[in-house]
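If you want the building blocks of each chain, they are given just below.
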Amino acid sequence: MLLLAGCWDERLYKDHTVVSLVGIEGTYGEMKSYFAYPELQSGNSEITIIEANGIDVRDTRLNADLKVEQAMDLSMMSTILISETTAKDGLNKYLNVFYRDPTNSITAFLVLVEGNVKDYMEASKSWTTEAGEYFARFIRSKEEVSIVPNRTIQTAAAILYSDGMDLVLPYMVLKDKDKKRPELGGVGLFSKGKYTGRVLKPEQSRFLGLLLQERGRKIKYSTLYNERPLSFTILDVNRKWKFESPNTMKMDYELEVELEEFSDVGLRDVNKISELENFINKKITEEVNEVIEILQDEKCDALGLGNFLRVKNPQMFDDNWHETFANLEIQVDIKSEILKTGLIH
């Protein structure tokens, strides 16, 4: 035990510049990266942004190290912001440097941004929290209601190296005049590792979450039923997928629903509940089919149907899967059950 004692691999905060937010934009030969970290100035902790150019991400990292008094440490990195230009060129090669360094955080969220990455980095200076942690908390809160899927460096890598599933990433925009408050614009769609330029709006992306059946997530939805507001939460999703033929996919979903708001005293009537369930089935089916149509148009297999096919019918899967997916007939059947009506009297 005496021989094993000691801290041979200790890395002290005082010896490093701890980066919480990273931004990358450009393509090979013209890369630009940004690194945000807290720095003590006049007795107060403030966010400092370091900007560096280079031929690739690793080169920008090395050049950024020349501008700080201590070596940069990305072990506490919470978020990486990625420009649309970079994502359209193929994301995997730009993330490679983050996989290779064992001290880097692989649980950092990946976020696509509209416009210049620098604007989002500069916006972080006005926040009282850690720059990267602000984005991380923002994304986690949207994950809880299935508006965005969980996509970190680690989970994205598994998808990017897969031929049977495509990536989707949270897409953020700066709409306010002062450009200090980013907001969610939806989720960006990828095909074969490259950003397609198409974004699912937040009201659409929640149904992508339903199709993915991510456990522990709730999906909230509001509409009008007989000119009355109807709001409900999908508490749980059970799915069953089956290839009916080489060109036909059957997707059955059973939903457990809780009504949040619906002013109708007839909810104590079993027939009324059944009518409402049929309406919900029809409405959700329409929304889901719209999302699937967009995914097929962009050849973005975000559902991982290719991986499902490789397991169930490996002889049907080939290198031309994205074309097959785009022309696949997908039949969706939604059945909901209202477990809670929200009645208070």
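The present account deals with the structure reproduced in this document. Source: prediction; values computed, not measured.

Before going further, it helps to spend a moment on the packing of helix 7 (residues 202–212) against helix 8 (residues 270–297). To describe two helices that pack against each other, one gives the angle between their axes and the distance between the axes. Their axes nearest at 9 Å, the elements helix 7 and helix 8 cross at an angle of 95°. With respect to helix 8, the axis of helix 7 lies roughly perpendicular. Each of Q204, F207, L208, L210 and L211 in helix 7 lies in contact with helix 8, whose residues at this interface are I284, E287, V288, E290, V291, I292, I294 and L295. Taken together, the residues of the contact of helix 7 with helix 8 sort by class into 10 nonpolar, one polar and two charged.

The next point concerns the packing of helix 3 (residues 92–100) against helix 6 (residues 153–160). Where helix 3 contacts helix 6, the axes come no closer than 11 Å and their chain directions differ by 135°. Relative to helix 6, the element helix 3 lies oblique. For the pair helix 3 and helix 6, the sense of crossing is left-handed. Judged by residue contacts, N92, L95, F98 and Y99 of helix 3 engage I153, A157 and L160 from helix 6.

Counted by the stated rule, this structure contains 10 salt bridges. The shortest N-O distance in the salt bridge between K118 and E51 comes to 3.4 Å. In this pair, K118 sits in helix 4 (residues 117–123) while E51 sits in strand 4 (residues 44–54), placing the two residues 67 residues apart along the sequence. The shortest N-O distance in the salt bridge between R217 and E143 comes to 3.5 Å. Note that R217 is positioned in the loop between helix 7 and strand 11 (219–225) and E143 in helix 5 (residues 131–144), a separation of 74 residues in sequence. Within this structure, K32, E51 and K118 form a network of salt bridges that share partners.

Moving on to the pairing of strand 7 (residues 109–113). The side chains of a regular strand alternate, residue by residue, between the two faces of the sheet. Burial of strand 7 is extensive: five of the five residues sit out of reach of the surface. With burial as the criterion, each face of strand 7 is covered, one bearing F109, V111 and V113 and the other bearing L110 and L112. The pairing of strand 6 (residues 79–83) with strand 7 spans five bridges and is parallel. Each residue of the ladder has a partner; that of S83, found in strand 7, is V113.

Moving on, we get to the sheet that holds strand 14 (residues 329–340). As summarised here, the arrangement of the four strands in space is 11-12-13-14, forming an open sheet in which the pairing is mixed. Each of the sheet's edge strands pairs with one partner strand only, and the pair in question is strand 11 and strand 14. The mean inter-strand angle of the sheet, taken between neighbouring strand axes irrespective of direction, is 35°. Strand direction decides the pairing type here: strand 11 and strand 12 (residues 228–245), joined by seven bridges, are antiparallel. Each bridged residue has a counterpart across the sheet, and for L224 the counterpart in strand 12 is P229. The sheet contacts of helix 7 involve strand 11, strand 12 and strand 13 (248–261), and relative to strand 11 the element is tilted by about 120°. The sheet contacts of helix 9 (residues 305–312) involve strand 12, strand 13 and strand 14, and relative to strand 12 the element is tilted by about 35°.

Trans peptide bonds make up most of the peptide bonds, and negative phi angles are found at most residues other than glycine. Here the phi dihedral of K192 falls at roughly 55°; this positive angle occurs in a residue that is not glycine. Relative to the helices and strands, K192 resides in the loop between strand 9 (183–191) and strand 10 (194–200). At N226, a position not held by glycine, the phi torsion is positive, near 55°. Residue N226 is classed as exposed on the basis of its relative accessible area of 56%.

Here we come to helix 3. Each α-helix winds once per 3.6 residues, and so residues spaced three or four apart point in a common direction. All of the buried residues in helix 3 are Y94, L95, V97 and F98. For helix 3, the angular spread of buried residues about the axis comes to 135°, placing them on one side.

Moving on, we get to the side chain of S33. For S33, the position within the fold is in strand 3 (residues 31–41). Looking at S33, its side chain comes within polar contact range of the side chain of T60, at 2.7 Å. Every residue in contact with S33, bar those within four places of it in the chain, is listed here: G23, I24, I50, E51, A52, V57 and T60.

Grouped together as the largest cluster of nonpolar side chains are 110 residues, with contacts concentrated most on F98, L208, L210 and I284. What F98 contacts, discounting residues up to four positions off in sequence, is V22, V57, L74, M77, I80, N104 and I153.

The next subject is the environment of D236. In this structure, D236 sits in strand 12. Remark: the alpha-carbon pair of D236 and V257, spanning 21 residues in sequence, is separated by 7.5 Å. When residues no more than four places from it in sequence are discounted, the contact partners of D236 are R215, E254, L255 and E256.

Calculation rules
- Residues numbered from 1 in each chain as written.
- Predicted model: local features only at pLDDT ≥ 70, side-chain atom pairs only at ≥ 80, totals over all residues.
- Heavy atoms only, no water.
- Axes fitted to C-alpha atoms, helices over the stretch in contact; angles between N-to-C directions.
- Helix = DSSP H or I, 4+ residues; strand = E, 2+ residues; numbered from the N terminus.
- Parallel < 35°, antiparallel > 145°, perpendicular 65-115°, else oblique.
- Contact = heavy atoms within 4.5 Å.
- Nonpolar A, V, L, I, M, F, W, Y, C, P; charged D, E, K, R; others polar.
- Left-handed = near helix turned anticlockwise from the far one by under 90°.
- Salt bridge = Lys/Arg side-chain N within 4 Å of Asp/Glu carboxyl O.
- Buried < 20%, exposed > 50% of the residue type's maximum accessible area, 1.4 Å probe, protein only.
- Pairing = 2+ DSSP bridges.
- Arc of directions from axis to C-beta.
- Polar contact = N/O pair within 3.5 Å; in protein donor to acceptor, adjacent residues only side chain to side chain.
- Core = buried A, V, L, I, M, F, W, Y, C linked by side-chain atoms within 4.5 Å.

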